[in-house]
Amino acid sequence: MISFFSKLSLNNSSKQPVEVAKPAYMDKSATLQELGYKDENELRETIYDYLRTIRDPEKPNTLEDLKVVYEEGIFVKEPTADKVPVLRVEYNPTVPHCSLATLIGLCIRIKILRSIHHPVKLDIFIKKGAHTTEDEINKQINDKERIAAAMENPNLRNLVENCIAEEE
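Residues numbered from 1 in each chain as written. Predicted model: local features only at pLDDT ≥ 70, side-chain atom pairs only at ≥ 80, totals over all residues. Heavy atoms only, no water.

1. Here's the deal with the packing of aromatic side chains
- Inspection of the entire model under this criterion finds 0 aromatic pairs.
- In this arrangement the basic side chain of K77 is found over the ring face of F75, its NZ or CZ atom lying 5.7 Å from the centre. (Phe/Tyr/Trp six-rings, centres within 6.5 Å; stacked < 30°, edge-to-face > 60°. Lys NZ or Arg CZ within 6 Å of the ring centre and 35° of its normal.)

2. Focus on the environment of I124
- Checked against the element boundaries, I124 lands in strand β3 (residues 121-126).
- Residue I124 is classed as buried on the basis of its relative accessible area, which comes to 0%.
- Linking I124 and N138, residues 14 residues apart in sequence, is a C-alpha distance of 6.9 Å.
- Setting aside chain neighbours within four positions, we find I124 in contact with V89, Y91, G105, I108, R109, N138, I141 and N142. (Helix = DSSP H or I, 4+ residues; strand = E, 2+ residues; numbered from the N terminus. Buried < 20%, exposed > 50% of the residue type's maximum accessible area, 1.4 Å probe, protein only. Contact = heavy atoms within 4.5 Å.)

3. Some details on the sheet that holds β3
- Strands sit in the order β1-β2-β3 across an open sheet of 3 strands; the sheet is mixed. Looking at which strands have only one partner, the edges of the open sheet turn out to be β1 (74-77) and β3. On average, adjacent strands in this sheet sit at an angle of 20° to one another, irrespective of strand direction.
- Examined bridge by bridge, strand β2 (residues 86-91) and β3 share 6 bridges and lie parallel to one another. Each residue of the ladder has a partner; that of L87, found in β3, is L122.
- Across the sheet, helix α2 (residues 40-51) lies against β1 and β2, angled at about 140° from β1, the strand it touches most.
- Packed onto the sheet, helix α4 (residues 134-141) meets β2 and β3 and runs at close to 160° relative to β3. (Pairing = 2+ DSSP bridges. Axes fitted to C-alpha atoms, helices over the stretch in contact; angles between N-to-C directions.)

Printed below as a string of structure tokens:
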């Protein structure tokens, strides 16, 4: 007995495949202009607009209010070999021993990845000298496997979702 899908593919075997053009945001070699940005500065401003609304996990303030994220901490670097934009985001925890610095870095990463609709290489770092364990935290928030594992934890995922949710 032939399945429905087998019959369908047998009946349509004479048709030539249709080639569909990919939109610019799916093309890894697209320039910033093709992705819809005038220049690097506009990309920086766009990223900052996404980050400024993230809420602090402990306080009712945003990361912008607390000066944890700031426009001067967003850098557009040279694109990769296949022209993927490279973003470096630097943030400054409120105190050198902030116990939520890793969670804030995770929120920054998830917010950008969900908001930007094209490939991007993202490097997130704590401002040099701003935290007692900055090297360990920087390593964690730039490790794809650790990020994936963290987002599989339902409690942590809910915390991130609450921090990055847009206000209505």
